[in-house]
Amino acid sequence: MEIYTTTFTLRNADVDQYRRLRPSVLLTAMQEAAIRHTTLLGAGREKTLDRGLLWVVALQRAEIARWPEYDETVTLKTWPGRSMHLFFPRYYTLEDAEGQTLVRASALWALMDRQSRSMVFPEEAGVEIPGAALAEACALPRAVKPISVTDEARFTVPYSYADLNGHMNNTRYLDLAQDVLPAALRQRPITRLEIEHSAEARVDQTLTLRFGGEGDDWFVQGEGEKRIFRLRLRYG
């Protein structure tokens, strides 16, 4: 098993008004690195997308020691864990120029059939990704524990939020949460995030958002005809 590494410098589009890396951009970088690494490990589009199989994220978790800022150069590392039934665990770290770990993160990926929209067992698809767990890895994500909700809003998925899988991209749920949660939270850095994706949100679908907070922890749940996602953030 090898570790995939990529280095990049934060530009204007990557940060918020407080010059910190936007959480959704972090998830985008993690997603792109995971896809590139998966291709290098022999499970690229020829084995998946071209055969009607889509990579989807089921659960995500990140623990943030410090958010990098505008014009800072950072290094993202990712590697796969051992496959677990339907799921492909993947781990990430984000480091600064001195090699200090800023973020530890993990995700559970799965394969979905493009036509039936059902999950596919890796062995049935002939997709295998060798992996191992390293001592410094972030704990794997689990189902998000809810918090009592006090507020409600509606949101209609715009075309710009959809990805090649034909649904709202996983990174956009963080943008949505930051938009609906109290404005006073925006200047405070997120120190932990957890996201659970239960179903797809499609273009032009209207979701009911229920949200609330307890102390430093805030929770957002999105529902259509059934639950779409749960998201929990801890603010420093």
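Let me sum up the structure you'll find in this document. All values derive from a computational prediction rather than experimental measurement. (Residues numbered from 1 in each chain as written. Predicted model: local features only at pLDDT ≥ 70, side-chain atom pairs only at ≥ 80, totals over all residues. Heavy atoms only, no water.)

Here we look at the overall build of the protein
When helices and strands are tallied, the protein shows three helices and 11 strands. Listed N to C, the secondary structure of the protein is β-α-β-β-β-β-β-α-β-α-β-β-β-β in terms of helices and strands. For the protein, the C-alpha radius of gyration of 17 Å lies close to 18 Å, the compact-globule estimate for 236 residues. Counting only C-alpha atoms, the protein reaches 50 × 45 × 30 Å along its principal axes. Put simply, the protein has 236 residues, and 49% of those count as buried. (Helix = DSSP H or I, 4+ residues; strand = E, 2+ residues; numbered from the N terminus. Rg over C-alpha atoms; globule rule 2.2 N^0.38 Å. Buried < 20%, exposed > 50% of the residue type's maximum accessible area, 1.4 Å probe, protein only.)

Some points on the pairing of strand E4 (residues 88-95)
Of all eight residues in E4, eight are buried, a share of seventy percent or more. Across the two faces of E4 the burial is the same, with Phe88, Arg90, Tyr92 and Leu94 and Pro89, Tyr91, Thr93 and Glu95 all buried. Two strands pair when backbone bridges link them, and E4 and strand E5 (residues 101-113) are joined in this way by eight bridges, in the antiparallel orientation. Counterpart to Pro89 in the pairing with E5 is Leu108. Here E4 folds back onto E5 in antiparallel fashion, the turn holding five residues, of which Gly99 has a positive phi close to 85 degrees. (Pairing = 2+ DSSP bridges.)

Quick look at the nonpolar core
Membership of the largest hydrophobic core comes to 57 residues, with the highest contact counts inside it found for Phe229 and Leu233. Aside from chain neighbours lying at most four places away, what touches Phe229 is Tyr173, Leu176, Glu196, Ser198, Leu207, Leu209, Val220, Gln221 and Gly222. (Core = buried A, V, L, I, M, F, W, Y, C linked by side-chain atoms within 4.5 Å. Contact = heavy atoms within 4.5 Å.)

Some details on helix H1 (residues 23-40)
Structural remark: α-helix, 3.6 residues per turn; residues separated by three or four positions point the same way. Look at H1: 26 Å from first C-alpha to last across 18 residues, which is about the 26 Å you get at 1.5 Å a residue. By the burial criterion, the buried members of H1 are Pro23, Ser24, Val25, Leu26, Leu27, Met30, Gln31, Ala33, Ala34, His37 and Thr38. (Expected span 1.5 Å × (residues − 1).)

Some words on helix H3 (residues 172-180)
By the burial criterion, the buried members of H3 are Tyr173, Leu174, Asp175, Leu176 and Ala177. Looking at the buried positions of H3, the neighbouring elements they touch are H1, strand E7 (151-156), strand E8 (190-197), strand E9 (206-214), strand E10 (217-223) and strand E11 (227-235).

Details of the packing of aromatic side chains
For any pair of aromatic rings, the description rests on two quantities: the centre-to-centre distance and the angle between the ring planes. Applying the stated criterion to the full structure yields five aromatic pairs. Ring centres 5.8 Å apart and planes at 40 degrees place the aromatic pair Phe155 and Tyr161 in the tilted group. Judged on exposure class, the residue Phe155 and its partner Tyr161 are both buried. Grouping aromatic residues by their ring pairs yields a cluster made of Trp55, Phe88 and Trp109. (Phe/Tyr/Trp six-rings, centres within 6.5 Å; stacked < 30°, edge-to-face > 60°.)

Structural notes on the pattern of salt bridges
In the structure shown here, the tally under the stated rule is 16 salt bridges. Here Arg210 makes a salt bridge to Glu223, at a shortest N to O gap of 3.0 Å. Here Glu223 lies in strand E10 and Arg210 lies in strand E9, a separation of 13 residues in the sequence. Between Arg234 and Asp217 there is a salt bridge, and its shortest N-O distance comes to 2.7 Å. Within this pair, whereas Arg234 is found in strand E11, its partner Asp217 is found in strand E10, the two being separated by 17 residues in sequence. Relative accessible area serves as the criterion here: at 9%, Asp217 is assigned to the buried category. Connected through shared salt-bridge partners, Arg61, Glu63, Arg192 and Glu194 make up one network. (Salt bridge = Lys/Arg side-chain N within 4 Å of Asp/Glu carboxyl O.)

Some points on empty space enclosed by the protein
Counted under the stated rule, the structure contains two cavities of 30 Å³ or more. By volume, the largest cavity is sized at about 110 Å³. Lining of the largest cavity is provided by Ala34, Ile35, Thr38, Trp55, Pro80, Gly81, Ser83, Phe88, Pro89, Arg90, Trp109 and Ile129. Mapped by element, the contributors of at least two residues to the lining of the largest cavity are H1 and E4. A class-by-class count of the residues in the lining of the largest cavity yields eight nonpolar, three polar and one charged. In terms of lining, the second largest cavity is formed by Leu27, Met30, Gln31, Val57, Gln60, Tyr92, Ala107, Trp109 and Asn170. Taken together, the elements giving at least two residues each to the lining of the second largest cavity come down to H1, strand E2 (53-64) and E5. Examining the composition of the lining of the second largest cavity, we find that three residues originate from one element, H1, more than from any other. Its residues placed into classes, the lining of the second largest cavity shows six nonpolar, three polar and no charged. (1 Å grid on protein atoms, 1.4 Å probe; cavity = no way out; pocket = protein on both sides within 12 Å on 5 of 7 lines; lining within 4 Å. Points joined across faces, edges and corners; volume = space filled by probe spheres on them. Nonpolar A, V, L, I, M, F, W, Y, C, P; charged D, E, K, R; others polar.)

Such coordinate-based values are descriptive only and should not be taken to indicate function.
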